[in-house]
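Results of the structural survey
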Amino acid sequence: MTLKIPFCFAILLAFAELILVEGDERSQRYTDGEKITLWVNKVGPFVNPQETYSYYSLPFCKVDPDKWETRWSGLGEALEGNALVKSDYTIRFKKPEEPTLICSTKLDTKVIEQFRAAVDNHYWYNFVFDELPIWGMVGHLTIHNATSMAGDNKEYSVYTHKKFSIAYNEDRVIEVNVTDEKPQALTLGAPALDFTYSVEWTPTTRRFSQRFNRYLDHDFFEHQIHWFSIFNSFMMVMFLIGLVTLILFRTLKNDYQRYSRMGDDEDPVDPAEETGWKQVQGDVFRFPPYYPFFCAMVGTGIQLILMVYLTTALSIAGTLYIGRGSVSTAALLVYAMSSFVGGYVSASHYVKQSKGSAWIKTMVLTAGGFSGLCVLVVLLLNMVAVGYNSLAAIPFGTMVVVVLIWVFVSCPLVLAGTLVGRNFSKPFAPPCRVSQIPRQIPEKKWYLQR
């Protein structure tokens, strides 16, 4: 029963994720004249993509509070700092729009300071249209005299017109581009900012399944990868590794047998003649102090490696790059589901030394060591993000969902893996005898000391 609950919870979460990602426009098929929602997402400096803020943190045309509508498309999207809000842009399928006024913003001191700070930091914005991402720049900065230190050598302007160019194939949207036009200077006494937009539709023969290929920049890599050279180099490296491994095993085999026959007090070999690891051959396989912590770190490391490889394999085999936050969601679920492997590896390493009761400590450290460190780091970063009103702050509801996944999926799997590893693993048999008294560490030469 313990194993059924995590799997059922993970399956329900996966189905909920798929349903939430679909949102309102599930079929993504439209009739002529049907309205398609344009979602505004976030803005941020170009030099730091992780620093993001709400699109309406800048004095753009805001939606009427009575029509305010947000969209939460999944756990990964919240972790990546996306916050979609329905915009006032009216875009209808296959219906061109002439330049249309959205609103007018009066240029007062506060508005000018906000826009100037955004333009000075090269702010970009992000929209989402029919699940297709759109990026553009907020404004433009012109420096008339780069050598001058005066403050009036910069001219700030903000783009007031957005031209949407949308390609369609039958009843589906295939491609969307936005062009920022009509820059207007940000100065006191200037006319109000009239934010406008226009829409043009063009037919295309590209299939719906290929519409995300343009984001992969396939042409850049198409003729750059030489698969034969890669395969040739890979086989050469594998051959050399195998050859070196064979030589090492044949060289060390006799040493292993000789050292395993030696007693703790027997040392027929002159220590001065020994080099490298042979000088500490009786201490190489000695178990380190704080062994439960060491075992937990090994198990957590194997779990992280498994998460990276499985998430990469899922991304290559599937289309995780299409959905916003899908890669983060997949990585989180894979990490939770691979907790069984982490518990098994940590418990099996602990059993190699002892059959004592410290396996419980090993299990607790495996389940909560790395996760607890992540929680502390996230809480500290969240405090900073909340202080700056950044979208990088993880919402409280999202943190609750992550904690539930850890409690009901990760922890039971760590317990199950620990029990399996503890009961079915064999004690460690070192290839040579381990001395009971640790070897004294010789003092360094004077020229080796700092």
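Here, every reference points to the structure presented above.
Here the structure is a predicted model, which means the values were calculated and not measured. (Residues numbered from 1 in each chain as written. Predicted model: local features only at pLDDT ≥ 70, side-chain atom pairs only at ≥ 80, totals over all residues. Heavy atoms only, no water.)

**Considering empty space enclosed by the protein**
We apply this condition: Throughout, the protein atoms alone are placed on a 1 Å grid, and a set of points is a cavity if a 1.4 Å probe fits but cannot get out or a pocket if it is open with protein on both sides within 12 Å along at least five of seven lines; lining residues have an atom within 4 Å of a point. Grid points are joined across faces, edges and corners, and a volume is the space filled by probe spheres set on the points. When residue character is reported, Ala, Val, Leu, Ile, Met, Phe, Trp, Tyr, Cys and Pro are called nonpolar, Asp, Glu, Lys and Arg charged, and the others, Gly included, polar.
Per the stated rule, a full pass over the model turns up one cavity of 30 Å³ or more. If you trace the largest cavity, you find it lined by Tyr 55, Tyr 56, Phe 60, Cys 61, Ser 87, Asp 88, Tyr 89, Ile 102, Lys 162 and Phe 195. Its residues assigned to classes, the lining of the largest cavity comprises seven nonpolar, one polar and two charged.

**Quick notes on the pairing of strand 9 (residues 132-137)**
Threshold: Whether two strands pair comes down to DSSP finding at least two bridges between them. Strands here are runs of E lasting at least two residues and helices are runs of H or I lasting at least four, both read from the DSSP assignment and numbered beginning at the N terminus.
Both strand 8 (residues 123-129) and strand 9 contribute to a ladder of six bridges, which runs antiparallel. Across the sheet, the residue bridging to Trp 124 is Met 137, located in strand 9.

**Digging into the packing of aromatic side chains**
Formally: Here a pair means two rings of Phe, Tyr or Trp (six-membered ring of Trp) with centres within 6.5 Å. Their orientation is stacked below 30 degrees between planes, edge-to-face above 60, and tilted elsewhere. Relative accessibility decides the category of a residue: with a 1.4 Å probe and only protein chains considered, values under 20% of the type maximum give buried, values over 50% give exposed, and everything between is partly exposed. We count a charge as sitting over a ring when the NZ of a lysine or the CZ of an arginine lies within 6 Å of the ring centre and within 35 degrees of the ring normal.
One pass over the full model with this rule turns up 21 aromatic pairs. Geometrically, the ring pair formed by Tyr 291 and Phe 294 is stacked, given 6.0 Å between the ring centres and 25° between the ring planes. Of this pair, Tyr 291 and Phe 294 both sit in helix 6 (residues 291-317), separated by three residues, roughly a single helical turn. Taking relative accessible area as the criterion, Tyr 291 reaches 5% and is therefore assigned buried. Judged by its relative accessible area of 39%, Phe 294 is partly exposed. Within the aromatic cluster, the residues linked to one another by ring pairs are Tyr 55, Tyr 56, Phe 60, Trp 68, Tyr 89, Phe 115, Tyr 125, Phe 127, Phe 164, Phe 195 and Tyr 197. Its guanidinium or amino end placed over the ring of Tyr 125, Lys 162 lies 4.9 Å from that ring's centre, counting from NZ or CZ.

**A look at helix 3 (residues 109-120)**
Note the threshold: Residue count minus one, scaled by 1.5 Å, sets the expected span of a helix. Each direction from the helix axis to a C-beta atom contributes to the arc, which is the arc of those directions. Contact criterion: two residues are considered in contact whenever any of their non-hydrogen atoms come within 4.5 Å of each other.
Spanning 12 residues, helix 3 covers 16 Å between terminal C-alpha atoms, matching the ideal 16 Å at 1.5 Å per step. Residues of helix 3 that are buried include every one of Val 111, Ile 112, Phe 115, Ala 118 and Val 119, and no others. Buried residues in helix 3, looked at end-on, bunch into an arc of 135°, giving them a common side. Exposed side of helix 3, more than 90 degrees from the buried face: Lys 110 and Glu 113 are the residues found there. Looking at the buried positions of helix 3, the neighbouring elements they touch are strand 7 (97-105), strand 8, strand 10 (139-143), strand 11 (154-169) and strand 13 (193-203). One or two steps after helix 3, the chain reaches His 122, where phi turns positive at roughly 55°.

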